[in-house]
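Residue-level structure breakdown
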Amino acid sequence: MSIEWVNQAIDDLRAWGRAREVEVDADEVRLLCDYASDYLNVNELGDFTPETFDELLLSIYPRKVIAPPESAPETVAAARTLVDYLGEVGTVPEERVARMRERLDDIEPRMPEALADPSNFGMAKSLFSAIGPESLEQSIAIPSGEVPDLGEAPCDCPGCTPLPAARLAPPEDLLAALRTVPMLEKHPLPGDDEPLREWAQTVARILDQDTRGTITGSAELDEELYDLFDMLYRLQVSVPVSVIGDYLDDLAGDGETDLARALDRLAWCGLLRLEGDNAELTPLAVWALREHYLSLGLDAPQAPDLAEADALGLIEGLLDGVPAEFAEDDIDRWLTGRTPGEAAGALLAAASGAPAVARGIAITIVDRLGTEAEPQVRAYLEDEELRPHAIHWLAARGLPAPQLTQDELLWVSVDMLALAMPAAEEDPEIFAENMAASGPPAHMIEEMWRVDHPDVVDVLELLGRSIPDSTVAKAARKAAFKARSRAIR
């Protein structure tokens, strides 16, 4: 998925909606664009066609998105808004816009049935959709969505707070980005021999010297920029601007902070990227900060490029925790360097015998591949742990596949729940909501204790703690006791 064009499209659509007082469901439109990019070779808004919406709303959404049938009108409405925008700004010809609208009229009454049909469910929705959309669609280890606390600056001791490995953009991309920084148009770098080195020195001066308000418009805030940027560097994810505003208000003391002005100034300097209600360091800022840390003698590791790793290295790197946009880019570039068959074979080989979470990452990536990977996937029908996943992969593509036995159904149910455990521990309330809405039925839970899976006890104990229905939760705890006793024997 090309994050850049999708982000720009959403920003432009929001601005269009504000100007016309049109309500825009940006999250739903982003999902449309993301899936169109991932699965339908849509690389810009002009690539949308009537057939794109057919595939998205009647095939890909039912396979990938956990949503009740009654949510279909909201999704179709978001698609209509997108089509209105495409037509009004002239991104696609009016004749195609008219055909898109006709196609959406045809899709709207059919989409609820497609969402409700279990035969449409892909691997991401699994067999009972217990993990929830966030965990299923982003099963790669992604940092918690919890709003960070920027209330205190970190300890200055590098031994207490080691810096995380930074993801650096390629030098050619950084050099190209330098040419787009508004500040440098007015205050060019002093020389042309080593522009990135000079950029790092410029950022160091901004952070360390008394700039007297020339950066943010506030002398007090300028003095605290090092702490703010150090915190953002350590978080490595976008942060709500409201959180940054609270942090800056604390720094300003009794004075009022002009947040919009301060953020705009930092963006003008090429240090912050503003995306809707969030902000993050630009790749140029990350690169310059790391150079500054190195100049101070701190250990500032660089994250490896997972696209160049083997399958095991890719899985292990994703398990270490990667922001979503980096994970998507790494996976896309890793897949680009291999045929579908080569990718499937390598990933499944790495997943064989691996823990559930690692196996889940491999299976999720393999689920992106088309029927060209059939021989490599079919080869794992003989692997006890991967066989249920391989059966599901083949059946979802309409390829000949054995029927899942009851034992295999139970095993893959436990396996998918084991994949959900890290997310469940981070946010038990969300997991409990997902279980209440679409968890495994009581009769399945009662039989799970028989499954020969290394995580079965942990899974059943998790269900016993999480399921709101006290009767079903009690059945899970009873099954956990049986599984534990069986393991002891």
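Residues numbered from 1 in each chain as written. Predicted model: local features only at pLDDT ≥ 70, side-chain atom pairs only at ≥ 80, totals over all residues. Heavy atoms only, no water.

Concerning empty space enclosed by the protein
Applying the stated rule across the entire model yields 3 cavities of 30 Å³ or more. In this structure, the second largest cavity occupies an estimated 70 Å³ of space. Considering the residues around the second largest cavity, the lining is formed by 11 residues, among which Ile363, Val366, His389, Ala390 and Trp393 are closest to the centre. Here the element with the most residues in the lining of the second largest cavity is helix 21 (residues 387–396); it accounts for 3 residues. Among the residues forming the lining of the second largest cavity, the class breakdown is 9 nonpolar, 1 polar and 1 charged. (1 Å grid on protein atoms, 1.4 Å probe; cavity = no way out; pocket = protein on both sides within 12 Å on 5 of 7 lines; lining within 4 Å. Points joined across faces, edges and corners; volume = space filled by probe spheres on them. Helix = DSSP H or I, 4+ residues; strand = E, 2+ residues; numbered from the N terminus. Nonpolar A, V, L, I, M, F, W, Y, C, P; charged D, E, K, R; others polar.)

What about the confidence of the model for the chain?
Residues with a pLDDT of 70 or more make up 85% of the chain, whose mean pLDDT is 82. The element-level mean pLDDT for the chain is lowest in helix 7 (residues 133–137), coming to 35, with helix 20 (residues 374–378) highest at 96. Every residue in residues 121–148 scores below 50 in pLDDT, and together they form 91 contacts with partners more than four places removed in sequence or on other chains. (pLDDT = per-residue confidence, 0-100. Contact = heavy atoms within 4.5 Å.)

Thoughts on a negative patch on the surface
Together, Glu425, Glu426, Asp427, Glu429, Glu433 and Asp458 line one region of the surface with negative charge. Here glutamate 425 lies in helix 22 (residues 406–426). (Patch = residues over 30% accessible without salt bridge, like charges linked within 9 Å, V, L, I, M, F, W, Y side chains within 5 Å. Areas by Shrake-Rupley, 256 points an atom, 1.4 Å probe, with all protein chains shown as cover. Salt bridge = Lys/Arg side-chain N within 4 Å of Asp/Glu carboxyl O. Lys, Arg positive; Asp, Glu negative; His and termini not counted. Charge placed at Lys NZ, Arg CZ, Asp CG, Glu CD.)

As for the nonpolar core
In this structure, Trp199, Leu225, Leu228, Phe229, Tyr233, Leu271 and Leu281 are the most contacted members of the largest nonpolar core, which totals 43 residues. Among the secondary structure elements, those contributing two or more residues to this core are helix 8 (171–178), helix 9 (182–186), helix 10 (195–208), helix 12 (225–235), helix 13 (241–252), helix 14 (259–268), strand 3 (278–281) and helix 15 (283–295). In terms of residue count, the dominant contributor to this core is helix 15 (7 residues). The contacts of leucine 271, once residues within four sequence positions are left out, are Trp199, Val203, Ile206, Phe229, Leu266, Glu280, Leu281, Thr282 and Ala285. If you look at the next biggest cluster of nonpolar residues, it comprises 37 residues, including Ala26, Ala78, Met111 and Ala114. (Core = buried A, V, L, I, M, F, W, Y, C linked by side-chain atoms within 4.5 Å. Buried < 20%, exposed > 50% of the residue type's maximum accessible area, 1.4 Å probe, protein only.)

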